[in-house]
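Examination of the molecular architecture
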Amino acid sequence: MAKESAKARELKRQKMVAKYAAKRAQLKAAGDYEALDKLPKDASPVRLHNRCKLTGRPRGYMRKFGISRVTFREMASAGKIPGVTKASW
């Protein structure tokens, strides 16, 4: 499990990116890079990092499911993800 502070920080960044998205697009289209530079640094979408929705793990993130590989394996083995079965041949 990730620290609660790390999860909260990532949520805060997501909210800030959403808040400034329209303004960033407008400034970029106008080519006003000085004003763009004055926006908060966490308003940039580049600073976002995908995290597991359940555990907050930052690595091994599976975009299709929104969870980490470890959580995915546990849930798939328990049959909690519809349509996912263990391969056998």
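Our structure's up above, just so we're on the same page.
A quick note: this is a predicted structure, and the numbers were derived from the prediction, not measured. Here the residue numbers are simple positions, counted from 1 along each chain's written sequence. Confidence filtering applies because this is a predicted model: local features only for residues at pLDDT of at least 70, side-chain atom pairs given and counted only at 80 or more, and all residues used for totals across whole chains, interfaces and linings. Water and hydrogen atoms play no part in the side-chain values, which are based on all heavy atoms of the structure.

Moving on, we come to the overall build of the protein chain. By the criteria applied, helices consist of DSSP H or I runs no shorter than four residues and strands consist of E runs no shorter than two, each listed in order from the N terminus. Along the backbone of the protein chain there are three helices and two strands. Computation of the radius of gyration draws on C-alpha atoms alone. For the globule rule, the value is 2.2 Å times the number of residues to the power 0.38. Over its C-alpha trace the protein chain gives a radius of gyration of 18 Å, far above what one expects of a compact globule, namely 12 Å for 89 residues. Projected onto the principal axes, the alpha-carbon positions of the protein chain cover approximately 60 × 30 × 15 Å. Taken over 89 residues, the protein chain has a buried fraction of 25%. By the convention used here, residues are in contact when the closest approach between their heavy atoms is within 4.5 Å. Taking the contacts inside the protein chain whose residues are at least 6 apart along the sequence as the reference set, 31% of them involve residues at least 24 apart. Only the protein chains shown count as cover for residues, with accessible areas throughout obtained via the Shrake-Rupley method and a probe of 1.4 Å. Approximately 7200 Å² of the protein chain is accessible, and the part contributed by carbon and sulfur atoms is 54%. Charge counting follows a simple rule: Lys and Arg are positive, Asp and Glu are negative, and His as well as the terminal groups are ignored. For this purpose, a charge sits on NZ of Lys, CZ of Arg, CG of Asp or CD of Glu. Averaging the locations of the 23 positively and 7 negatively charged side chains of the protein chain gives two centres separated by 9 Å. The cut-offs for exposure are 20% and 50% of the maximum accessible area for each residue type, with area from a 1.4 Å probe on protein chains only; residues under the lower value are buried, those over the upper are exposed, and the others partly exposed.

Here helix H1 (residues 4-30) spans 39 Å end to end across 27 residues, near enough to the 39 Å set by a 1.5 Å rise per residue. Fitting axes to the seven residues that end at a residue and to the seven that start at it, the angle between those axes gives the bend at that residue. In the structure, H1 departs most strongly from a straight axis at Tyr20, where the bend amounts to approximately 50 degrees. Listed in full, the buried residues belonging to H1 are Ala6, Glu10, Arg13, Val17, Tyr20, Arg24 and Leu27. Tucked inside the fold, the buried residues of H1 contact helix H2 (33-37). To estimate how far a helix should reach, multiply one less than its number of residues by 1.5 Å.

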